[in-house]
Amino acid sequence: MTPVHSDGSPTTALFDRPAECVAPDLVGWSLLIDGVGGVIVETEAYSVADPASHSFRGRTARNGSMFEKPGSIYVYRSYGLHWCLNFVCQPGSAVLIRALRPKKGIDVMQQRRGKVSLHKLCSGPGRLCEALAVDGRYDGMSLSEASFELLYPESLPELVVGKRIGISKATDTLWRFGERHSLFLSRKF
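Residues numbered from 1 in each chain as written. Predicted model: local features only at pLDDT ≥ 70, side-chain atom pairs only at ≥ 80, totals over all residues. Heavy atoms only, no water.

1. Overview of the overall build of the chain
For step 1, the next point in the chain: The number of helices and strands found in the chain is four helices and eight strands.
For step 2, the next point in the chain: Whereas a compact globule of 189 residues would reach a radius of gyration of roughly 16 Å, the chain reaches 15 Å, a difference of no more than 12%.
For step 3, the next point in the chain: For the C-alpha atoms alone, the extent of the chain along its principal axes is close to 40 × 40 × 35 Å.
For step 4, the next point in the chain: Residue burial in the chain is summarised as follows: out of 189 residues, 51% are buried.
For step 5, the next point in the chain: Contacts spanning at least 24 positions in sequence make up 58% of the contacts within the chain whose residues lie at least 6 apart.
For step 6, the next point in the chain: Within the structure as shown, the chain displays about 9,100 Å² of accessible surface, and the carbon and sulfur contribution to it stands at 52%.
For step 7, the next point in the chain: Distance between charge centroids for the chain: 7 Å, based on 23 positive and 19 negative side chains. (Helix = DSSP H or I, 4+ residues; strand = E, 2+ residues; numbered from the N terminus. Rg over C-alpha atoms; globule rule 2.2 N^0.38 Å. Buried < 20%, exposed > 50% of the residue type's maximum accessible area, 1.4 Å probe, protein only. Contact = heavy atoms within 4.5 Å. Areas by Shrake-Rupley, 256 points an atom, 1.4 Å probe, with all protein chains shown as cover. Lys, Arg positive; Asp, Glu negative; His and termini not counted. Charge placed at Lys NZ, Arg CZ, Asp CG, Glu CD.)

2. Thoughts on the pattern of salt bridges
For step 1, the next point in the chain: One pass over the structure, following the stated rule, counts eleven salt bridges.
For step 2, the next point in the chain: Notably, a salt bridge pairs Arg164 with Asp50, separated by 2.4 Å at the nearest N-O pair. One end of the pair, Arg164, is in the loop between strand S7 (159-162) and strand S8 (176-179); the other, Asp50, is in the loop between strand S2 (36-46) and strand S3 (73-78), and 114 residues separate them in sequence. With respect to class, Arg164 is no different from Asp50; both count as buried. (Salt bridge = Lys/Arg side-chain N within 4 Å of Asp/Glu carboxyl O.)

3. What to know about the pairing of S3
For step 1, the next point in the chain: Burial within S3 is extensive, with five of its six residues counted as buried.
For step 2, the next point in the chain: By the bridge criterion, six bridges tie S3 to strand S4 (residues 82-88) in an arrangement that is antiparallel. Its bridge partner lying in S4, Arg77 is registered against Trp83.
For step 3, the next point in the chain: Counted between consecutive antiparallel strands, the loop separating S3 from S4 contains three residues, among which Tyr79 sits at a positive phi close to 55°. (Pairing = 2+ DSSP bridges.)

4. Remarks on the nonpolar core
For step 1, the next point in the chain: Core analysis: the biggest nonpolar cluster contains 35 residues, and Leu26, Leu31, Leu85, Phe87, Leu132 and Leu150 have the highest contact counts within it.
For step 2, the next point in the chain: If you look at the next biggest cluster of nonpolar residues, it comprises nine residues, including Tyr46, Ala52, Met66 and Ala94. (Core = buried A, V, L, I, M, F, W, Y, C linked by side-chain atoms within 4.5 Å.)

5. Considerations on the packing of aromatic side chains
For step 1, the next point in the chain: Scanning the model with the defined rule gives four aromatic pairs in all.
For step 2, the next point in the chain: Measuring from ring centre to ring centre gives 6.1 Å for Phe15 and Phe87, while their planes differ by 90°; the resulting arrangement is edge-to-face. With Phe15 in helix H1 (residues 12-15) and Phe87 in strand S4, the pair connects residues that are 72 residues apart, well separated along the chain.
For step 3, the next point in the chain: Take Phe15: its relative accessible area is 2%, and that puts it in the buried class.
For step 4, the next point in the chain: Here Phe87 falls in the buried class, since its relative accessible area comes to 0%. (Phe/Tyr/Trp six-rings, centres within 6.5 Å; stacked < 30°, edge-to-face > 60°.)

6. Some details on the environment of Gly37
For step 1, the next point in the chain: By the element assignment, Gly37 lies in strand S2.
For step 2, the next point in the chain: We classify Gly37 as buried; its relative accessible area is 0%.
For step 3, the next point in the chain: Through-space distance from the C-alpha of Gly37 to that of Leu100 is 7.5 Å; in sequence the pair is 63 residues apart.
For step 4, the next point in the chain: Ignoring sequence-local partners within four residues, the contact set of Gly37 consists of Leu31, Leu32, Leu100, Pro102, Lys103, Lys104, Met109 and Leu132.

7. So, the pairing of S8
For step 1, the next point in the chain: The alternating pattern of S8 places Arg176 and Gly178 on one face and Phe177 and Glu179 on the opposite face, and all of these are buried.
For step 2, the next point in the chain: Bridge count between S2 and S8: three bridges; the pairing is antiparallel. From the neighbouring strand, Glu42 faces S8, where its bridge partner is Gly178.
For step 3, the next point in the chain: Sheet topology note: the S7/S8 ladder contains four bridges and is antiparallel. Counted as the bridge partner of Leu159 is Glu179 from S8.

8. Digging into the side chain of Ser142
For step 1, the next point in the chain: Tracing the backbone shows Ser142 in the loop between helix H4 (125-132) and strand S6 (148-151).
For step 2, the next point in the chain: A polar side-chain atom of Ser142 sits 2.8 Å from a polar atom in the side chain of Ser144.
For step 3, the next point in the chain: When near neighbours in sequence (up to four residues on either side) are disregarded, Ser142 contacts Gly71, Ser72, Ile73 and Phe148. (Polar contact = N/O pair within 3.5 Å; in protein donor to acceptor, adjacent residues only side chain to side chain.)

Next up, the structure:
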């Protein structure tokens, strides 16, 4: 089954797989929210069996969206400061969108974030969410809702794989994926 509809948008089949399989496949897709966004250049995977995952100890009020249907959105606040955007895969698993290469609505993103360099505009989950105006109101929504566009890559990027960032458990798990040589990553591999 193909992971996209005829218009280039994803089918549920894209997400109804383990997060560690979905995460590398999302690199290169374009993500737009209300027409603003760019190309996904970095992701991380988290599964229900993963001690670094919010879902590891089961469903709670905070992580409930991680247990919704594939293609749902899980948004949480990291350290009480920054919002983080995740796409739900199989129950209890999700892909964290870590960085984008800005492409559309750059002026809008710069108004939201201040005059920062293009390379830093969406490099990191908190910066990305601020640039795209993502906050808790999106938690539990579906990627198929009107505000979101997720479009198949024009070309498939060369990938690099590494350890996830900013976690204290399962630190050696190689579930961070990025576009090789991208200048827009949150951190070099």
